[in-house]
Amino acid sequence: LCIFALMKDAIEAFKAIGEATRFRALRLLIDSKVELCACEIIDALQKPQYTISKSLGALVAAGLIVERREGRMMMYELAHSKLNDSLFAAVTSVPLAKNEELSADHDRILARLAEREGNVCIKC
(Lines give C-alpha, C1' and ligand atoms only; values in the text may rest on other atoms or scores of the structure.)
Protein backbone atom coordinates (compact mmCIF):
# COMPACT_ATOMS: atom_id res chain seq x y z
CA LEU A 1 0.00 0.00 0.00
CA CYS A 2 2.81 2.45 0.86
CA ILE A 3 4.57 1.87 -2.47
CA PHE A 4 1.41 2.88 -4.33
CA ALA A 5 1.23 6.15 -2.38
CA LEU A 6 4.86 6.86 -3.23
CA MET A 7 4.22 6.05 -6.88
CA LYS A 8 1.20 8.38 -6.93
CA ASP A 9 3.28 11.17 -5.33
CA ALA A 10 6.03 10.68 -7.92
CA ILE A 11 3.56 10.77 -10.81
CA GLU A 12 1.97 13.99 -9.50
CA ALA A 13 5.39 15.58 -9.04
CA PHE A 14 6.49 14.66 -12.57
CA LYS A 15 3.22 16.03 -13.97
CA ALA A 16 3.77 19.26 -12.07
CA ILE A 17 7.25 19.85 -13.47
CA GLY A 18 6.23 18.74 -16.95
CA GLU A 19 4.96 22.22 -17.88
CA ALA A 20 7.49 24.92 -18.80
CA THR A 21 6.35 27.72 -16.48
CA ARG A 22 6.16 25.39 -13.49
CA PHE A 23 9.59 23.95 -14.34
CA ARG A 24 11.05 27.47 -14.60
CA ALA A 25 9.47 28.58 -11.30
CA LEU A 26 10.80 25.49 -9.53
CA ARG A 27 14.25 26.08 -11.01
CA LEU A 28 14.23 29.65 -9.63
CA LEU A 29 13.43 28.35 -6.15
CA ILE A 30 16.11 25.68 -6.37
CA ASP A 31 18.82 28.02 -7.69
CA SER A 32 18.05 30.95 -5.39
CA LYS A 33 18.31 28.77 -2.26
CA VAL A 34 16.01 31.22 -0.44
CA GLU A 35 12.31 31.67 0.06
CA LEU A 36 10.91 33.81 -2.77
CA CYS A 37 8.02 36.22 -2.85
CA ALA A 38 5.43 35.66 -5.60
CA CYS A 39 6.21 39.07 -7.12
CA GLU A 40 9.89 38.13 -7.41
CA ILE A 41 8.94 34.98 -9.32
CA ILE A 42 6.52 36.94 -11.51
CA ASP A 43 9.22 39.50 -12.36
CA ALA A 44 11.85 36.85 -13.05
CA LEU A 45 9.63 34.75 -15.32
CA GLN A 46 8.01 37.75 -17.01
CA LYS A 47 4.59 36.11 -17.11
CA PRO A 48 1.20 37.42 -15.97
CA GLN A 49 0.39 37.16 -12.26
CA TYR A 50 -2.49 34.76 -12.97
CA THR A 51 -0.23 32.36 -14.89
CA ILE A 52 2.40 32.34 -12.15
CA SER A 53 -0.20 31.92 -9.38
CA LYS A 54 -1.69 28.93 -11.20
CA SER A 55 1.75 27.41 -11.73
CA LEU A 56 2.78 27.91 -8.11
CA GLY A 57 -0.54 26.43 -6.97
CA ALA A 58 0.15 23.30 -9.02
CA LEU A 59 3.62 22.97 -7.48
CA VAL A 60 2.13 23.38 -3.99
CA ALA A 61 -0.58 20.80 -4.76
CA ALA A 62 2.10 18.36 -5.95
CA GLY A 63 3.96 18.83 -2.67
CA LEU A 64 7.09 20.25 -4.31
CA ILE A 65 6.90 23.67 -2.67
CA VAL A 66 5.20 25.21 0.34
CA GLU A 67 3.55 28.60 0.56
CA ARG A 68 2.91 30.96 3.41
CA ARG A 69 1.40 34.38 3.70
CA GLU A 70 3.44 37.19 5.20
CA GLY A 71 1.24 40.29 5.29
CA ARG A 72 0.37 41.04 1.67
CA MET A 73 3.08 38.76 0.32
CA MET A 74 2.84 35.10 -0.60
CA MET A 75 6.15 33.39 0.06
CA TYR A 76 7.33 30.13 -1.54
CA GLU A 77 10.08 27.68 -0.68
CA LEU A 78 11.09 24.14 -1.53
CA ALA A 79 9.45 21.23 0.28
CA HIS A 80 12.32 18.85 0.93
CA SER A 81 11.88 15.07 0.95
CA LYS A 82 13.83 12.19 -0.56
CA LEU A 83 11.61 12.15 -3.64
CA ASN A 84 11.57 15.92 -4.02
CA ASP A 85 15.31 16.29 -3.56
CA SER A 86 15.86 13.72 -6.31
CA LEU A 87 13.52 15.68 -8.59
CA PHE A 88 15.27 18.94 -7.69
CA ALA A 89 18.59 17.34 -8.70
CA ALA A 90 17.05 16.30 -12.03
CA VAL A 91 15.74 19.83 -12.61
CA THR A 92 19.18 21.33 -11.96
CA SER A 93 20.80 18.85 -14.35
CA VAL A 94 19.60 21.12 -17.16
CA PRO A 95 22.59 23.48 -17.59
CA LEU A 96 21.71 27.17 -17.46
CA ALA A 97 24.34 27.93 -20.08
CA LYS A 98 22.60 25.68 -22.60
CA ASN A 99 19.11 27.13 -22.12
CA GLU A 100 18.63 30.83 -22.87
CA GLU A 101 15.28 31.04 -21.08
CA LEU A 102 16.55 29.48 -17.85
CA SER A 103 19.70 31.59 -18.01
CA ALA A 104 17.69 34.80 -18.43
CA ASP A 105 15.37 33.76 -15.56
CA HIS A 106 18.44 33.18 -13.39
CA ASP A 107 19.89 36.59 -14.21
CA ARG A 108 16.58 38.33 -13.50
CA ILE A 109 16.09 36.60 -10.12
CA LEU A 110 19.63 37.51 -9.06
CA ALA A 111 18.97 41.15 -9.97
CA ARG A 112 15.63 41.05 -8.14
CA LEU A 113 17.17 39.51 -5.01
CA ALA A 114 19.80 42.27 -5.00
CA GLU A 115 16.95 44.76 -4.51
CA ARG A 116 15.89 43.19 -1.20
CA GLU A 117 16.40 45.05 2.03
CA GLY A 118 17.35 42.90 4.99
CA ASN A 119 16.77 39.83 2.79
CA VAL A 120 13.11 40.84 2.39
CA CYS A 121 11.23 41.79 -0.77
CA ILE A 122 10.32 45.46 -0.68
CA LYS A 123 8.31 45.71 -3.90
CA CYS A 124 5.06 44.02 -2.91
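Before reading further, recall that the structure is shown in the block above.
Residues numbered from 1 in each chain as written. Predicted model: local features only at pLDDT ≥ 70, side-chain atom pairs only at ≥ 80, totals over all residues. Heavy atoms only, no water.

A closer look at the pairing of strand 2 (residues 65–70)
So, point 1. As paired elements, strand 2 and strand 3 (residues 73–78) share 6 bridges and run antiparallel to each other. Directly across from Glu70, in strand 3, lies its bridge partner Met73.
So, point 2. In this structure, the hairpin formed by strand 2 and strand 3 is closed by a connection of 2 residues, where Gly71 is found at a positive phi of approximately 65°. (Pairing = 2+ DSSP bridges. Helix = DSSP H or I, 4+ residues; strand = E, 2+ residues; numbered from the N terminus.)

Focus on the packing of helix 2 (residues 20–32) against helix 5 (residues 82–92)
So, point 1. Two elements in contact, helix 2 and helix 5, have axes whose closest approach is 10 Å; the angle formed by their N-to-C orientations is 100°. Taken as axis vectors, helix 2 and helix 5 run roughly perpendicular relative to one another. Two secondary-structure elements touch here, helix 2 through Phe23, Leu26, Arg27, Ile30 and Asp31 and helix 5 through Phe88, Val91 and Thr92.
So, point 2. For the contact of helix 2 with helix 5, the class distribution of residues is 5 nonpolar, 1 polar and 2 charged. (Axes fitted to C-alpha atoms, helices over the stretch in contact; angles between N-to-C directions. Parallel < 35°, antiparallel > 145°, perpendicular 65-115°, else oblique. Contact = heavy atoms within 4.5 Å. Nonpolar A, V, L, I, M, F, W, Y, C, P; charged D, E, K, R; others polar.)

Overview of the environment of Asp105
So, point 1. By the secondary structure assignment, Asp105 is in helix 6 (residues 100–114).
So, point 2. Taking the C-alpha atoms as reference, Asp105 lies 9.0 Å from Ile41; in sequence the two are 64 residues apart.
So, point 3. Excluding residues that lie within four positions of it along the chain, Asp105 makes contacts with Arg24, Leu28, Ala44 and Leu45.

Digging into helix 6
So, point 1. Here helix 6 spans 21 Å end to end across 15 residues, near enough to the 21 Å set by a 1.5 Å rise per residue.
So, point 2. Those residues of helix 6 lying buried are Leu102, Asp105, Ile109, Arg112 and Leu113. Down the axis, helix 6 shows its buried residues gathered within 95° of arc, on one side only. Exposed side of helix 6, more than 90 degrees from the buried face: Glu100 and Ala114 are the residues found there.
So, point 3. Next to the buried residues of helix 6 lie helix 2, strand 1 (36–37) and helix 3 (38–45).
So, point 4. The backbone nitrogen of Glu101 lies 3.1 Å from a side-chain oxygen of the residue at the head of helix 6, namely Asn99. (Expected span 1.5 Å × (residues − 1). Buried < 20%, exposed > 50% of the residue type's maximum accessible area, 1.4 Å probe, protein only. Arc of directions from axis to C-beta. Polar contact = N/O pair within 3.5 Å; in protein donor to acceptor, adjacent residues only side chain to side chain.)

Observations regarding the sheet that holds strand 3
So, point 1. Reading across the sheet, the 3 strands line up as 1-3-2 and stay open at both edges, with antiparallel pairing between neighbours. Only two strands of the sheet have a single partner each, and these edge strands are strand 1 and strand 2.
So, point 2. Examined bridge by bridge, strand 1 and strand 3 share 2 bridges and lie antiparallel to one another. Paired with Cys37 across the two strands is Met75, which belongs to strand 3.
So, point 3. Contacting strand 1, strand 2 and strand 3, helix 2 runs over the sheet at an angle of about 75° to strand 3.

Section: helix 2
So, point 1. Given a rise of 1.5 Å per residue, 13 residues ought to cover 18 Å, and the 18 Å separating the end C-alpha atoms of helix 2 matches this to within 8%.
So, point 2. With respect to burial, helix 2 is a largely interior element, 10 of its 13 residues being buried.
So, point 3. Taken together, the buried positions of helix 2 are occupied by Thr21, Phe23, Arg24, Ala25, Leu26, Arg27, Leu28, Leu29, Ile30 and Ser32.
So, point 4. For helix 2, the N-terminal capping position is held by Glu19, with its side-chain oxygen 3.1 Å away from the main-chain nitrogen of Thr21.

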